[in-house]
Amino acid sequence: MVQYKLMYFPVRGLGEMARLILHYANVPYEDKHISFEEWPNMKTTTPFGQLPILEVDGKPLAQSFAIARFLARKHGLAGKDDWESAQLDAIADFMKDVATECRPYFMALMGRGEGDKDELYNTVFKTSMEKNMPVLEKLLKESGSGFFAKSGVSWVDFYIANFMETFEELGPSVMSAYKDLLKHKETVYALPQLKKYLESRPKTQF
């Protein structure tokens, strides 16, 4: 049996996609939390100086999207065929662009970036949500399955639901307009395969 060890900070962040995939697939793994104090000494030992890292039988795989796609393919969460898989990749890459667009606000909120967080909320976060969330809602509606793939649940649903949780906490008044996305998040979080994990995981802002 393959031995998995996921190493990431004690937050949801970019490690949560892998955690959700593994829990959904009922695959045992070691969830190794790296403290922010430990990280500087560990950083130079990692392939790209970043987390998360997934060890597969002791071999390291870096980069959150490479990890998610690897696990999704192995556990039937990457779409029904190559075309659907590619469409899911496109949606995930779009969502990654949204996250990058919002990064100045996230960094200011955590005290790790420049700028006034209240101003950035309006000029960066709110503007990005109003531009991009309707695109996601359209894609979700076009799928017709309640998930982003016509064939059903995929790793991209986990990725987007995790972000919706963060976005809803940061801007409830903005996100309340996107009821289909919030309903999608609740649908994902209600999946019986995820229930136990979601009820027991630590509550974090990101």
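Residues numbered from 1 in each chain as written. Predicted model: local features only at pLDDT ≥ 70, side-chain atom pairs only at ≥ 80, totals over all residues. Heavy atoms only, no water.

Looking at an unreviewed UniProt entry, the chain carries the name glutathione transferase, with the source organism given as Acrobeloides nanus. Entered under Sequence similarities (unreviewed entry) in the UniProt record, the comment concerning the chain runs "Belongs to the GST superfamily. Sigma family." The UniProt entry for the chain carries the following comment under Catalytic activity (unreviewed entry): "RX + glutathione = an S-substituted glutathione + a halide anion + H(+)". (UniProt positions renumbered as here; feature names shortened; annotations may be inferred.)

Undergrad: Got a sec to walk through the sheet that holds strand 4 (residues 59-62)? Specific residues and values, please.
TA: What the 4 strands build is an open sheet, ordered 2-1-3-4; its pairing is mixed. A strand with exactly one partner marks an edge of an open sheet, and here the two such strands are strand 2 (30-33) and strand 4. Looking at each pair of strands side by side, their axes are set apart by 25 degrees on average, direction ignored. In the sheet, strand 3 (residues 53-56) pairs with strand 4 via 4 bridges, with the strands oriented antiparallel. Looking across to strand 4, one finds that L54 is bridged to L61. In the packing of helix 1 (residues 16-24) onto the sheet, contacts are made with strand 1 (4-8) and strand 2, and the angle to strand 1 comes to roughly 150 degrees. (Pairing = 2+ DSSP bridges. Helix = DSSP H or I, 4+ residues; strand = E, 2+ residues; numbered from the N terminus. Axes fitted to C-alpha atoms, helices over the stretch in contact; angles between N-to-C directions. Contact = heavy atoms within 4.5 Å.)

Undergrad: Can you break down the side chain of R201 residue by residue, with the values?
TA: In this fold, R201 is placed in the segment after helix 9 (192-200). A polar contact of 2.6 Å, which involves the side chain of R201, links it to the side chain of E16. Looking at R201, its side chain comes within polar contact range of the side chain of E165, at 2.7 Å. For R201, the contacting residues outside a window of four places in its chain are R12, E16, E165 and Y189. (Polar contact = N/O pair within 3.5 Å; in protein donor to acceptor, adjacent residues only side chain to side chain.)

Undergrad: So, the environment of V135: which residues are in play, and what are the values?
TA: Among the structural elements, V135 can be located in helix 5 (residues 117-143). You can call V135 partly exposed: its relative accessible area is 35%. Linking V135 and I91, residues 44 residues apart in sequence, is a C-alpha distance of 9.8 Å. (Buried < 20%, exposed > 50% of the residue type's maximum accessible area, 1.4 Å probe, protein only.)

Undergrad: Describe the pattern of salt bridges, naming the residues involved and giving the relevant values.
TA: Counted by the stated rule, this structure contains 15 salt bridges. The shortest N-O distance in the salt bridge between E165 and R201 comes to 2.7 Å. In this pair, E165 sits in helix 6 (residues 155-170) while R201 sits in the segment after helix 9, placing the two residues 36 residues apart along the sequence. For E165, a relative accessible area of 8% gives the class buried. Residue K203 pairs with E169 through a salt bridge whose shortest N-O separation is 2.8 Å. Residue K203 is located in the segment after helix 9, and its partner E169 is located in helix 6; the two are separated by 34 residues in the primary sequence. Within this structure, R12, E16, R19, D31, E165, E169, R201 and K203 form a network of salt bridges that share partners. (Salt bridge = Lys/Arg side-chain N within 4 Å of Asp/Glu carboxyl O.)

Undergrad: Could you give me a rundown of the packing of helix 1 against helix 9, with the residues and numbers involved?
TA: Axis separation between helix 1 and helix 9 bottoms out at 8 Å; the angle between their running directions is 125 degrees. Considering the angle they form, helix 1 stands oblique to helix 9. The way helix 1 lies across helix 9 gives a crossing that is right-handed. When helix 1 is examined against helix 9, the residues E16, R19, L20, H23 and Y24 are found in contact with a partner set consisting of Q193, L194, Y197 and L198. Class assignment of the residues belonging to the contact of helix 1 with helix 9 gives a composition of 5 nonpolar, 2 polar and 2 charged. (Parallel < 35°, antiparallel > 145°, perpendicular 65-115°, else oblique. Left-handed = near helix turned anticlockwise from the far one by under 90°. Nonpolar A, V, L, I, M, F, W, Y, C, P; charged D, E, K, R; others polar.)

Undergrad: Go over the environment of P202 with me, naming the residues and quoting the values.
TA: Residue position: P202 is located in the segment after helix 9. Judged by relative accessible area, which is 54%, P202 ranks as exposed. P202 sits 190 residues away from R12 along the chain, and the two C-alpha atoms are 8.8 Å apart.

Undergrad: Can you tell me about helix 4 (residues 82-109), naming the residues and giving the values?
TA: Residues separated by three or four positions in an α-helix point in the same direction, a consequence of the helix having 3.6 residues per turn. With 28 residues, helix 4 extends 39 Å between its outermost C-alpha atoms, agreeing within 8% with the 40 Å of an ideal straight helix rising 1.5 Å per residue. At R103, helix 4 shows its maximal kink, close to 50 degrees; a proline, P104, follows between one and four residues later. Residue D81 occupies the N-cap position of helix 4, its side-chain oxygen lying 3.3 Å from the main-chain nitrogen of W83. Just past helix 4, the residue G111 takes up positive phi, approximately 75 degrees. (Expected span 1.5 Å × (residues − 1). Bend = angle between axes of the 7 residues up to and from the residue.)

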